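Take a look at the letters that make up each chain.
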Amino acid sequence: EKDVDAAVRGSLLHDALERFVTEYSQDMPSNAAQILQGLARETFENYSDDEALWRFMWPRFERISYWYEKQEHDWREKARPLKTEIEGRMDLQSVGGRFMLSARADRLDQFIGAGAAVIDYKSGGQFSQRAMKAGELPQLPLEGLILAAGGFNGVKPTPVQSFGYWVMNGGGEGGKVVQIDAGAQEIMN
């Protein structure tokens, strides 16, 4: 019997989104919500014996899929997916010696024109611009450092212009974006 906790729900969400973005990296289909739901159903089949998942998670995922369709459509007017679920690393020198910084980015996008965005999908939690600017949420700035240094395999060094948490918990409209555009470079320093 499989317990469906927050980690499992997050993994299911990540899997469906990764498959969608990989398959539709260039053009957004007009029925993106339905396609995303189909991909999620395939992923959820591994948990088909868990009625609680279907009763609790599926209505939330439907709201997420419609929110995501609109968010992705609007977002792609200025950026395109570059890589999803990609590992990166870079060597750093500190007072205590050398160490390796490594990360797995949910998504890196290339802005039309120049620069990149580092995006992290979240299925819950509290995220704010204030916490990002204060260094309390270091994940995205650290991934930005790796990207700027060319530490993601197959991705050239790219200046980071935006950090974003796409929080999709299925409540309300389905999701929200907590994003920093202005000052992204300063946060990495």
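Note that the structure is a prediction, hence the values are computed from the model and not measured. (Residues numbered from 1 in each chain as written. Predicted model: local features only at pLDDT ≥ 70, side-chain atom pairs only at ≥ 80, totals over all residues. Heavy atoms only, no water.)

Engineer: Whenever I open this one, the overall build of the chain confuses me. Can you help?
Structural biologist: A tally of regular secondary structure across the chain gives six helices and five strands. Ordered by position from N to C terminus, the α and β elements of the chain give α-α-α-β-β-β-α-α-β-β-α. Relative to a compact globule of 189 residues, whose C-alpha radius of gyration would be 16 Å, the chain shows 17 Å and is just as compact. Principal axes of the C-alpha set define a box for the chain whose edges measure 55 × 35 × 30 Å. With 189 residues in all, the chain has 47% of them scored as buried. Across the chain, contacts joining residues at least 24 apart in sequence account for 65% of those joining residues at least 6 apart. About 9,800 Å² of surface is accessible on the chain, with carbon and sulfur atoms providing 47% of the total. If you average the places of the 21 positive and of the 28 negative side-chain charges in the chain, the two averages end up 4 Å apart. (Helix = DSSP H or I, 4+ residues; strand = E, 2+ residues; numbered from the N terminus. Rg over C-alpha atoms; globule rule 2.2 N^0.38 Å. Buried < 20%, exposed > 50% of the residue type's maximum accessible area, 1.4 Å probe, protein only. Contact = heavy atoms within 4.5 Å. Areas by Shrake-Rupley, 256 points an atom, 1.4 Å probe, with all protein chains shown as cover. Lys, Arg positive; Asp, Glu negative; His and termini not counted. Charge placed at Lys NZ, Arg CZ, Asp CG, Glu CD.)

Engineer: How do you make sense of the confidence of the model for the chain when you look at a structure like this?
Structural biologist: Should pLDDT be low for a region, the predicted coordinates there are not to be read in detail. Residues at a pLDDT of 70 or more form 93% of the chain, whose mean pLDDT is 89. Confidence, read as mean pLDDT per element, is least for helix α6 (residues 184-188) in the chain (81) and greatest for strand β3 (residues 116-122) (96). (pLDDT = per-residue confidence, 0-100.)

Engineer: Any chance you could explain unusual backbone geometry here in plain terms?
Structural biologist: Most of the time, phi is negative for any residue but glycine, and the peptide bond is trans. Here E85, not a glycine, exhibits a phi torsion of approximately 45°, which is positive. Relative to the helices and strands, E85 resides in strand β1 (residues 79-94).

Engineer: Before we go on, may I ask you to explain the side chain of E72 in this structure?
Structural biologist: Mapped onto the fold, E72 is located in helix α3 (residues 51-75). Residue class for E72 comes out buried when judged on its relative accessible area of 0%. With sequence-adjacent residues up to four places away left out, E72 is seen in contact with M28, P81, R107 and W166.

Engineer: In this structure, what is going on with the packing of aromatic side chains? I would like to understand it.
Structural biologist: The way to describe two aromatic rings as a pair is by their centre distance and the angle between their planes. The full count for this structure, using the stated rule, is eight aromatic pairs. Here the aromatic rings of F20 and Y24 are separated by 5.1 Å at their centres, their planes lie at 35°, and the arrangement is tilted. Residue F20 shares its accessibility class with Y24, and that shared class is buried. Aromatic ring contacts, followed pair by pair, group F20, Y24, Y68, W75, F111, Y121 and W166 into a single cluster. (Phe/Tyr/Trp six-rings, centres within 6.5 Å; stacked < 30°, edge-to-face > 60°.)

Engineer: Is there a simple way to think about the pattern of salt bridges in this case?
Structural biologist: A pair can form between side chains of opposite charge whenever their charged atoms are brought close. Applying the stated rule across the entire model yields ten salt bridges. Its salt-bridge partner being R76, residue E72 comes within 2.7 Å of it at the nearest N-O pair. The exposure classification of E72 matches that of R76, with both residues buried. Residues E136 and R130 are paired through a salt bridge, measuring 3.1 Å at the closest nitrogen-oxygen approach. Exposure remark for R130: the relative accessible area of 54% places this residue in the exposed category. Bridged by salt links that share partners, the residues E72, R76, R107 and D109 form one connected network. (Salt bridge = Lys/Arg side-chain N within 4 Å of Asp/Glu carboxyl O.)

Engineer: Which parts of the structure should I look at to understand the sheet that holds β3?
Structural biologist: Hydrogen bonds along the backbone pair up the strands of a sheet, which may run parallel or antiparallel. If you walk across this open sheet you meet the five strands as β1-β2-β3-β4-β5, and the pairing is mixed. The outermost strands of the open sheet, each flanked by one partner alone, are β1 and β5 (176-180). Here the strands of the sheet are splayed against their neighbours by 35° on average, with no regard to which way each runs. Sheet strands touched by helix α5 (residues 139-148): β1, β2 (97-111), β3 and β4 (160-167). Its angle to β3, the strand with the most contacts, is close to 140°. (Pairing = 2+ DSSP bridges. Axes fitted to C-alpha atoms, helices over the stretch in contact; angles between N-to-C directions.)

Engineer: What's the story with the environment of G115 in this structure? I'm lost.
Structural biologist: Looking at the element boundaries, G115 is found in the loop between β2 and β3. For the pair G115 and T158, spaced 43 residues apart in sequence, the C-alpha separation works out to 6.0 Å. The contacts of G115, once residues within four sequence positions are left out, are D109, Q110, T158, P159 and Q161.

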